[in-house]
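A look at the structure
Now for the letters of each chain:
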Amino acid sequence: MANDYSVLAEYAQKDTDALKRELSVIFERQYGQSSEPVMFFAAPARINIIGEHIDYNGGKVFPAAIDKYIYLAIRRRNDSVIRYDDVRFPGVFTFDITETFAYKKENDYCNYLNGILSILKSRGFTFPKGFDALFFSCIPPGGGISSSSALECCFAYAVSSIYNLNVDGVEIAKIGQESEHRFMNVNCGIMDQFIIAMGKKDRAILLDCATLDYEYVPLELGDYRFVVMNTNKKRQLSDSKYNERVSECKTALGIMNAELEKRGEPALPDLCSCSAEQFESLKSCLTDDVLLRRVRHCVTENARVYAAVAALKAGNLQELGRLMDASHESLRLDYETTGIELDTLHEEAGKISGCIGSRVTGAGFGGCGIALIHKDCFGEFTEKVGSVYREKIGYDASFFECGTGDGASALN
Ligand code: GLA
């Protein structure tokens, strides 16, 4: 299938009909013919412009769906068998839709899919028949632009469509998040699934993670573009320090609320409800410096999101870039989710005159960064940043300029 991959990747960039035709050919070669139609779906990757590690702290985040997608060809069967395959990772996984799914390491990416099915079942949906599914993804795996949420949301959207379940975008996001919590053991926030299910081309979403209120904000960048910088350092959220950060925040909130109770003041529902002034007044009860820094990141990052959205709306891209840099610094020093790979990319990006800001995007601990650069400096940017990175880290980073994309949908 290696050859199939490059052909599909080329079609994915320019010709959706050709992509569907080619996927159908591979699908039928793999699964044979049937009277049931093959249906096609797609879901995007995402960048987070600003607002990191605060979705699970009731904060505001500002992500955008990008124009790199995962695609799914799927067809209902007349029995209860389920088969999954992926052009990039060939090999058929077979299950039965009536079984009780559980996470198993050897099931690899299928855990994300079985997780979605298991959450749908727990919500009362029933599946009389199985299906055959073939994935093809243009999103780098494990790379920080949410390939796994794209997989989850693409699949949830497709399952909802082929069984007429009428699950809407917000619900798809919640199902994806619940599957991460209950099936994958990652206590993530809702940002990734939300933007992937709900994203719109040329827009970013300002999402209030405490209420799920959201606003589409036009992403008008003039002569500037977002570049994704992939550290190519592989990591999995389940074995990264992600859950550790989530629990540190919980501990800090508990300490602050105990202090507020002593003072006879109302409790904070989450860390991002704490204003800068309130943080000053509560600082002394956070005697553990690590916890103090975690809270400071949440409080300052939430404020930066408001400021960044205001800057973008006012067309002040320089200010947006400055806030991105400040966000990276806060994640480096206070939240400690960057590391030498991301810090090197950030530092070197800052030396290029056409770059007005850069930061880690997503969970960090490896993964990806983003930089806001002038459209004419992509060549210089990748060459200079890339060569220092290779020298210092010992392997290559990769870069691509991204546009915006649409959320999970049927591919018509
Ligand atoms: C991962 C999680 C998100 C969010 C980011 C950090 O991408 O899935 O919920 O917490 O990390 O902002």
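Structure's up top.
Notes on the structure in this doc start here. All values derive from a computational prediction rather than experimental measurement.

Let us look at the sheet that holds strand β11 (residues 398–402). Pairing is antiparallel in the open sheet, where four strands are placed in the order β9-β10-β8-β11. For this open sheet the edge positions go to β9 (355–361) and β11, each flanked by a neighbour on one side alone. Shown here is a sheet whose adjacent strand axes are inclined to one another by a mean of 25 degrees, direction ignored. With seven bridges connecting them, strand β8 (residues 224–230) and strand β10 (residues 368–374) associate as antiparallel partners. When the bridges of β10 are listed, Arg225 appears paired with Ile373. Set on the sheet, helix α11 (residues 340–349) makes contact with β8, β9, β10 and β11; between it and β9 the angle comes to about 170 degrees.

Contacts to the ligand come from Arg46, Glu52, His53, Asp55, Tyr56, Cys188, Gly189, Met191, Asp192, Tyr242, Gly362 and Ala363. A distance of 3.0 Å separates an oxygen atom of the ligand from a polar atom in the backbone of Gly189. A distance of 2.6 Å separates an oxygen atom of the ligand from a polar atom in the side chain of Tyr242. Here the ligand has 310 Å² of accessible area as a free molecule, and 97% of this is covered by the chains. Partitioning the shell around the ligand into residue classes produces five nonpolar, three polar and four charged.

With that out of the way, let us pick up the side chain of Ser179. Looking at the element boundaries, Ser179 is found in helix α5 (residues 169–182). Excluding residues within four positions of it along the chain, Ser179 makes contact with Tyr112, Gly115, Ile116, Ile119 and Met184.

Moving on: helix α9 (residues 289–313). Spanning 25 residues, α9 covers 36 Å between terminal C-alpha atoms, matching the ideal 36 Å at 1.5 Å per step. Among the residues of α9, the N-terminal cap falls to Asp288, whose side-chain oxygen and the backbone nitrogen of Val290 are separated by 2.8 Å. Positive backbone phi, approximately 75 degrees, marks Gly315, located one or two places after α9.

Moving on: the packing of α9 against helix α10 (residues 317–333). A packed helix pair is summarised by two numbers, namely the angle formed by the two axes and the spacing between the axes. Running from N to C, α9 and α10 point in directions that differ by 170 degrees, and their axes come no closer than 9 Å. The angle between α9 and α10 places the two elements in the roughly antiparallel class. Contacts between α9 and α10 involve Arg293, His297, Thr300, Glu301, Arg304, Ala307, Ala308, Ala311 and Leu312 from the first element and Leu317, Glu319, Leu320, Leu323, Ala326, Ser327, Ser330, Leu331 and Leu333 from the second. Class assignment of the residues belonging to the contact of α9 with α10 gives a composition of ten nonpolar, four polar and four charged.

Right, let's get into the packing of aromatic side chains. Each aromatic ring pair is characterised by the separation of its centres together with the angle its planes make. Taken as a whole, this structure holds 19 aromatic pairs when the rule is applied. Arranged with centres 5.2 Å apart and planes meeting at 65 degrees, the rings of Tyr5 and Phe136 form a pair that is edge-to-face. Residue Tyr5 is found in helix α1 (residues 2–14), and its partner Phe136 is found in strand β5 (residues 131–137); the two are separated by 131 residues along the sequence. On the numbers, 6.1 Å between centres and 45 degrees between planes, the contact of Tyr69 with Tyr71 is tilted. Neither Tyr69 nor Tyr71 differs from the other in exposure class; each is buried. Through a chain of ring-to-ring contacts, three or more aromatic side chains come together here, namely Tyr84, Phe93, Phe95, Phe101, Tyr109, Phe131, Phe135 and Phe155. Positioned over the ring face of Phe400 is Lys68, at 4.4 Å from the centre of the ring.

Basis of the calculations
- Along every chain, residues carry numbers that run from 1 in the direction the sequence is written.
- Where local features are concerned, this predicted model is filtered to residues with pLDDT of at least 70; where side-chain atom pairs are given and counted, the filter is 80 or more; whole-chain, interface and lining totals use all residues.
- The side-chain figures draw on all heavy atoms in the structure; neither hydrogens nor water molecules are used.
- When DSSP locates at least two bridges between a pair of strands, those strands are taken to pair.
- Where helices and strands are cited, they refer to DSSP runs of H or I of at least four residues and of E of at least two residues respectively, numbered from the N terminus.
- Helix axes are fitted to C-alpha atoms over the stretch in contact, other axes to C-alpha atoms as well, and angles between N-to-C directions run from 0 to 180 degrees.
- Contacts are residue-level and defined by heavy atoms, with any inter-residue pair within 4.5 Å sufficient.
- To be near a molecule or strand, a residue needs just one of its heavy atoms within 4 Å of it.
- Any pair of nitrogen or oxygen atoms within 3.5 Å is treated as a polar contact; in protein, a donor-acceptor pairing is required on top of that, and neighbouring residues in sequence qualify only through side-chain atoms on both sides.
- Surface exposure here means Shrake-Rupley accessible area, sampled with a 1.4 Å probe, where a residue is shielded only by the protein chains that are shown.
- Residue type decides the class: Asp, Glu, Lys and Arg count as charged, Ala, Val, Leu, Ile, Met, Phe, Trp, Tyr, Cys and Pro as nonpolar, and the leftover types, Gly among them, as polar.
- Multiplying one less than the number of residues by 1.5 Å gives the expected span of a helix.
- These descriptions rest on fixed angle ranges, namely under 35 degrees for roughly parallel, over 145 for roughly antiparallel, 65 to 115 for roughly perpendicular, and the rest for oblique.
- In this scheme Phe, Tyr and Trp rings, the latter by its six-membered ring, pair at centre separations within 6.5 Å, and the angle between planes marks the pair as stacked below 30 degrees, edge-to-face above 60, and tilted otherwise.
- For every residue, the accessible area (1.4 Å probe, protein chains only) is compared with the maximum for its type, and the residue is labelled buried under 20%, exposed over 50%, or partly exposed between those bounds.
- In this scheme, the term charge over a ring applies when either NZ of a lysine or CZ of an arginine sits within 6 Å of the ring centre and within 35 degrees of the ring normal.

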